[in-house]
Structure formats: C-alpha cells, structure tokens
Amino acid sequence: NSGLNLVPVMTSQNLQAATAPGVRLFYGELCTDRLGWEVGYTAIYGMFGSAVANGNGNLELPPDLNNAVNPFADANTVRGTYWSSLNMAEFNLFCYDCCQECKPTRCPLTNCRPSCHCINYLAGFVWAGLDEQAGLSASCCNPPEIAQYNVRTSTNYFGPQIGMRGRREWCRWAVEGWWKTAVCGTSAYSAQDPIVSDVTGEIRPGGSATATGVGFIGGLNGSIIYRLTDVWGIRAGYNCYWLTNAALAPTQYNFGTLADSASVINDNGVLFLHGANLGVEARW
C-alpha cells in the first residue's frame, strides 16, 4: 500500500509469469488390436514473476507486521517474487478403436495411407507435484534497512483418472485431441522463514503447516500433425491444465506478529495453465 489513503500498488496478480518452458513425453504400446498401455511425464518449470514498487518512504505492508518492522512500514522499495514448477506422471490403460474409410484418400504421395479415424478410451493413475516459492523484500531508511518475508509450499496429488483421445488421419495430415480428468487426494505443505529486523533482530519465528484434502486435475489438448515418413511426424497444438485445492505460495502470507502466525496454510488455491506445444512423434 502507498500513502495515507492506502492505495494498493502491488498484488499477487502482478507476479504472474508470462511464459515458461515445459516438456511432455509419452510412450505406449498396443498389447492386442484393441488394448494398450502408456506412460507419460509432463513438466512445466521456470514459471517466474516479479514486481517492484518504488516510493519515498510511503510504502507499507499490511498490519500488524508493518508496525513491528521498519522496512514494512516506511519502505522506499518493495519487491515481490513468485516461482512455481509443476511435474506430472501418469500411467494409463486404453481401449483402441480405429476405423478405416472405405476408399483411400486421393493424394499425390506414393506412401499415402487410407483416411481413418480412431478413438481411445483410457483409465489410469496420475501423480502431480506443485512446488512454489514467494518472497517480499522491503528496504527503507538511512542507513538502509532491509527486511524479507519468504514462503515455500508444495502440493502433491494422487488419484485415478479417465479420459478420451480422438484422432483422424488423411494423407500426411492428422488432427488429434484429448481430455483427461482426475479426482485426487491432496497433501499440502507450507513453510515460512523467520522475519528478522536489521535493528531489533527476530520479530517472528518461522513456522510450517500441513493439510490434506481432495482436489481436481483437468487437461485438454488439440493438435495437428504432419507426417514426414511412415513413422515420424511433427506436431503442434495447444494445451490447458487446471488444478484445484493447491497451496499457492502468495496466498500463504500472514502479517500477524504472533508466534504461530507462520504456522497456517491455505490449500484452496486454483492454478490454470495454458500454452502452445511443438514436438515430434513416432508411430509404428
């Protein structure tokens, strides 16, 4: 907040990461003409956001910590940071149903396959791990004083999932889409570092907290594939992931001064991620 009117100059929305890299790897086999299995790994890492607010001794954090730590009450600069990473692993069994069209698609390519469409119904197990860190750093005064507030969280998801995948091929081109949904048990953990003043020492000890619950994971994808050979192809698409009941790091801030103020946890956060993908596939 800034000034006597307490105008917000920084919120958790200012810390959202714009882009981040990720990887998605899957391998599967058909056991029969209709039944198969697959294992997969998905990761999105390096999600980092930061924001800086500059003032003239008129920036302050919410009470009651602002009354106990000089930089939290009369700050010249406040910097917020937020880092997050997501890892997911899954194992699925699927029922494969593929129908070939009556006539081959006319195409100048000598190795053109007949047009066909396929549907997979899948069921399996998924694990997801969400790890996050958030921090606030404030500076003030002359000589300079600096105070920091750092939080770390992790949320683990375990549970069954179901989904469906559809694919249609013609000549060298194919389109594919899938959806997956899982209802999971969750285990969340939050840890907060001690808050220390350069002048008066430790203001509040660190603390940690845990919680368990039930969360939801949803995934959605649409892709287009261009086949380079009978085996290899390149693919591009768009993905969406939605996770509920997450312990997001920026939502753990507690500005109380009591000894147990750092021993609380909020695991009601929601994480929504979306972005483009580019990769290769091999089918034989």
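Cut-off values and rules
- Residues numbered from 1 in each chain as written.
- Predicted model: local features only at pLDDT ≥ 70, side-chain atom pairs only at ≥ 80, totals over all residues.
- Heavy atoms only, no water.
- Pairing = 2+ DSSP bridges.
- Helix = DSSP H or I, 4+ residues; strand = E, 2+ residues; numbered from the N terminus.
- Axes fitted to C-alpha atoms, helices over the stretch in contact; angles between N-to-C directions.
- Core = buried A, V, L, I, M, F, W, Y, C linked by side-chain atoms within 4.5 Å.
- Buried < 20%, exposed > 50% of the residue type's maximum accessible area, 1.4 Å probe, protein only.
- Contact = heavy atoms within 4.5 Å.
- Polar contact = N/O pair within 3.5 Å; in protein donor to acceptor, adjacent residues only side chain to side chain.
- Phe/Tyr/Trp six-rings, centres within 6.5 Å; stacked < 30°, edge-to-face > 60°.
- Lys NZ or Arg CZ within 6 Å of the ring centre and 35° of its normal.
- Disulfide = S-S within 2.5 Å.

Novice: What exactly am I supposed to notice about the sheet that holds strand 5 (residues 145-170) here?
Specialist: The strands that make up a sheet pair up through hydrogen bonds in the backbone, lying either parallel or antiparallel. Reading across the sheet, the 9 strands line up as 1-2-3-4-5-6-9-10-11 and stay open at both edges, with antiparallel pairing between neighbours. Whereas interior strands pair on both sides, the edge strands pair on one side only; in this sheet they are strand 1 (22-30) and strand 11 (269-282). If you compare each strand with its neighbour and ignore which way they point, the axes differ by 15° on average. When strand 4 (residues 116-140) meets strand 5, the two strands line up antiparallel, connected through 25 bridges. Residue pairing for strand 5: Glu 132 is matched across the bridge by Thr 153.

Novice: Looking at this model, I keep getting lost on the nonpolar core. Mind explaining?
Specialist: Inside soluble globular proteins, nonpolar side chains tend to come together where they are buried. One finds Phe 72, Tyr 149, Ile 217 and Leu 243 to be the most contacted residues of the largest nonpolar core, which totals 39 residues. For this core, the secondary-structure elements that each account for two or more residues are strand 2 (35-59), strand 3 (75-100), strand 4, strand 5, strand 6 (173-192), strand 10 (232-246) and strand 11. Sorting elements by how many residues they give to this core places strand 4 first, with 6 residues. Not counting chain neighbours up to four residues away, the residues in contact with Leu 243 comprise Leu 86, Ala 128, Tyr 157, Phe 216, Ile 217, Gly 269, Val 270 and Leu 271. Formed by 5 residues, the second largest nonpolar core is a distinct cluster that contains Phe 94, Tyr 96, Cys 118 and Leu 122.

Novice: Help me understand the side chain of Glu 38, please; the structure alone is not making it clear to me.
Specialist: Relative to the elements of secondary structure, Glu 38 occurs in strand 2. Of the polar contacts made by the side chain of Glu 38, one reaches the side chain of Arg 165; its length is 3.3 Å. Every residue in contact with Glu 38, bar those within four places of it in the chain, is listed here: Phe 26, Tyr 27, Gly 28, Glu 90, Phe 91, Asn 92, Phe 94, Leu 122, Arg 165 and Lys 180.

Novice: For this particular structure, what's the right way to read the packing of aromatic side chains?
Specialist: Aromatic ring pairs are reported here in terms of the distance separating the ring centres and the angle at which the planes meet. By the definition in use, this model includes 7 aromatic pairs. One aromatic cluster is present, formed by Tyr 149, Tyr 253 and Phe 255 through successive ring pairs. Between Arg 165 and the ring centre of Phe 94, over which it is positioned, the NZ or CZ distance is 5.7 Å. Lys 180 extends its terminal NZ or CZ atom over the ring of Trp 178, reaching a point 4.8 Å from the ring centre.

Novice: What is the right way to read the pairing of strand 8 (residues 201-204) from this model?
Specialist: The side chains of a regular strand alternate between both faces of the sheet. Summarising the sheet, strand 7 (residues 195-197) and strand 8 pair through 3 bridges and their orientation is antiparallel. Its bridge partner lying in strand 8, Val 196 is registered against Glu 202. The hairpin turn running from strand 7 into strand 8, its antiparallel successor, is 3 residues long.

Novice: Is there a simple way to explain the state of the cysteines in this structure?
Specialist: Each disulfide is one covalent bond, formed between the sulfur atoms of two cysteines. Considering all chains together, one arrives at 2 disulfides under this definition. At a sulfur-sulfur separation of 2.1 Å, the disulfide partner of Cys 98 is Cys 118. Of this pair, Cys 98 sits in strand 3 while Cys 118 sits in strand 4; the two residues are 20 residues apart in sequence, bridging distant segments of the chain. Residue Cys 118 is classed as buried on the basis of its relative accessible area of 7%. A disulfide bridge connects Cys 140 with Cys 141, and the sulfur atoms are separated by 2.4 Å. Taking the sign of the S-S torsion, about -65° here, the bridge from Cys 140 to Cys 141 comes out left-handed. Residue Cys 140 is classed as buried on the basis of its relative accessible area, which comes to 1%.

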